[in-house]
Amino acid sequence: MTEFNRANIKSKAAAACGWNFIVLMSRQGKIRLSEFFSSYTESQKKRILRDITGDVLPRQAKMCNIIEKGEYKFIYRRYASLYFVVGAPVEMNELIVLEQIHLFVEALDGYFNSVCELDLVFSLHKSLMILFEMFIAGMLCESNRREVLQQIVEAEEMVEEMSKAGEDTSSQLDDGLSFQEQFQLGRKPGARGPRGNR
């Protein structure tokens with residue numbers, strides 16, 4: 001085997017070990033959480049979200065949970081009124097992705113006590129903290145649900161200790177959120193407080 005073929009096989013294996021993106025969506029097609037682990041332009045992100053809405057929502061319950069779309073595939077699971085949709089490389093094993101989605105849902109359930117759509121709407125930053133504690137660059141790094149939840153509790157305790165009396169502690173957690181995520185929370189990017197007031 002030539003050196004070029006070995007390098008090509010290694011690069012494909014590296015590309016196939018993590019998610020490209022994850023999208024949590026309601027049955028009505030409202031995006032509740034979206035995180036892109038690979039580099040996409042805004043127009044590509046909008047196209048992907050439009051494709052997910054158009055391809056996943058109309059599918060019947062007994063249909064396959066995998067939809068191939070060119071260089072990646074949508075792998076999804078539905079839990080109650082939420083769809084958990086992952087964009088993964090074509091080479092990635094679909095059963096592993098389905099199990100990773102289930103691990104993420106179990107972690108959300110452990111934190112929110114039976115996660116629902118409203119938990120994602122009103123506690124987006126907590127959901128993102130759980131996601132980032134489990135996945136780094138789209139790769140599963142921590143599969144122990146108890147360990148993930150322990151790290152989240154410790155982070156919340158640290159924020160509580162650092163906060164001043166009467167101050168909104170959730171605004172301190174926004175420092176690690178992107179502008180889009182702060183906007184989804186109803187805050188002006190970079191501003192402090194519950195509604196972006198200084």
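Reading guide: rules and limits
- Residues numbered from 1 in each chain as written.
- Predicted model: local features only at pLDDT ≥ 70, side-chain atom pairs only at ≥ 80, totals over all residues.
- Heavy atoms only, no water.
- Pairing = 2+ DSSP bridges.
- Helix = DSSP H or I, 4+ residues; strand = E, 2+ residues; numbered from the N terminus.
- Axes fitted to C-alpha atoms, helices over the stretch in contact; angles between N-to-C directions.
- Contact = heavy atoms within 4.5 Å.
- Buried < 20%, exposed > 50% of the residue type's maximum accessible area, 1.4 Å probe, protein only.
- Expected span 1.5 Å × (residues − 1).
- Arc of directions from axis to C-beta.
- Salt bridge = Lys/Arg side-chain N within 4 Å of Asp/Glu carboxyl O.
- pLDDT = per-residue confidence, 0-100.
- Phe/Tyr/Trp six-rings, centres within 6.5 Å; stacked < 30°, edge-to-face > 60°.

### Examining the sheet that holds strand β3 (residues 66-69)
Here is step 1: Spatial ordering of the open sheet is given by β2-β1-β5-β4-β3, a layout of five strands whose pairing is antiparallel. Among the strands making up the open sheet, the edge pair consists of β2 (31-36) and β3. Averaged over all neighbouring strand pairs, the angle between strand axes comes to 20°, with direction disregarded.
Here is step 2: Sheet contacts for helix α3 (residues 94-112): β1 (21-26), β3, β4 (72-79) and β5 (82-89); angle to β4, the most-contacted strand, approximately 40°.

### A look at unusual backbone geometry
Here is step 1: Not every positive phi belongs to a glycine, and Ala-80 is a case in point at roughly 55°.
Here is step 2: If you trace the backbone, Ala-80 turns up in the loop between β4 and β5.
Here is step 3: A relative accessible area of 67% places Ala-80 in the exposed class.
Here is step 4: Here the phi dihedral of Asn-113 falls at roughly 55°; this positive angle occurs in a residue that is not glycine.
Here is step 5: Counting through the fold element by element, Asn-113 comes out in the loop between α3 and α4 (117-122).
Here is step 6: Owing to a relative accessible area of 63%, Asn-113 belongs among the exposed residues under this scheme.

### Points about helix α2 (residues 42-56)
Here is step 1: The terminal C-alpha atoms of α2, which comprises 15 residues, lie 21 Å apart, in line with the 21 Å expected from a rise of 1.5 Å per residue.
Here is step 2: Residues of α2 that are buried: Lys-45, Ile-48, Leu-49, Asp-51, Ile-52 and Val-56. For α2, the arc enclosing every buried residue in end-on projection is 160°, short of the 170-degree limit, so these residues lie on one face. Those residues of α2 that are exposed and aimed more than 90 degrees away from the buried face are Glu-42, Ser-43, Lys-46 and Arg-50.
Here is step 3: Those residues of α2 that are buried are in contact with β1, β2, β3, β4 and β5.

### Comments concerning the pattern of salt bridges
Here is step 1: Here the structure, examined in full by the defined rule, presents six salt bridges.
Here is step 2: With a closest N to O distance of 3.7 Å, Glu-42 and Lys-45 form a salt bridge. With Glu-42 and Lys-45 both in helix α2, this residue pair falls three residues apart, about one helical turn.
Here is step 3: Residue Glu-94 is joined to Lys-73 by a salt bridge in which the shortest nitrogen-to-oxygen separation is 2.6 Å. One end of the pair, Glu-94, is in helix α3; the other, Lys-73, is in strand β4, with 21 residues separating them in the sequence.
Here is step 4: Judged by relative accessible area, which is 22%, Glu-94 ranks as partly exposed.

### Points about the confidence of the model for the protein chain
Here is step 1: On average, residues of the protein chain score 81 in pLDDT, and 74% of them reach the 70 mark or higher.
Here is step 2: Across residues 192-198, confidence stays below pLDDT 50; counting only partners more than four residues off in sequence or on other chains, it has 18 contacts.

### A few points about the packing of aromatic side chains
Here is step 1: Scanning the model with the defined rule gives twelve aromatic pairs in all.
Here is step 2: Ring centres 5.5 Å apart and planes at 40° place the aromatic pair Phe-21 and Phe-36 in the tilted group. One end of the pair, Phe-21, is in strand β1; the other, Phe-36, is in strand β2, with 15 residues separating them in the sequence.
Here is step 3: Aromatic side chains Phe-21 and Tyr-72 sit 5.4 Å apart centroid to centroid with 85° between the ring planes, which places their arrangement in the edge-to-face category.

### Considerations on the side chain of Ser-26
Here is step 1: Summarising the element assignment, Ser-26 is placed in strand β1.
Here is step 2: Taking relative accessible area as the criterion, Ser-26 reaches 0% and is therefore assigned buried.
Here is step 3: Sequence-distant contacts of Ser-26, defined by excluding residues within four places in its chain, comprise Arg-32, Leu-57, Ser-81, Leu-82, Tyr-83 and Glu-117.

### Notes on the pairing of β3
Within a regular beta strand, the side chains point alternately toward one face of the sheet and then the other, so they alternate between its two faces.
Here is step 1: Of the pairings in the sheet, the one linking β3 to β4 comprises four bridges and is antiparallel in character. The partner of Lys-69 across the bridge, within β4, is Tyr-72.
Here is step 2: The antiparallel pairing of β3 with β4 creates a hairpin that spans two residues between the two strands, and Gly-70 there sits at a positive phi of about 70°.

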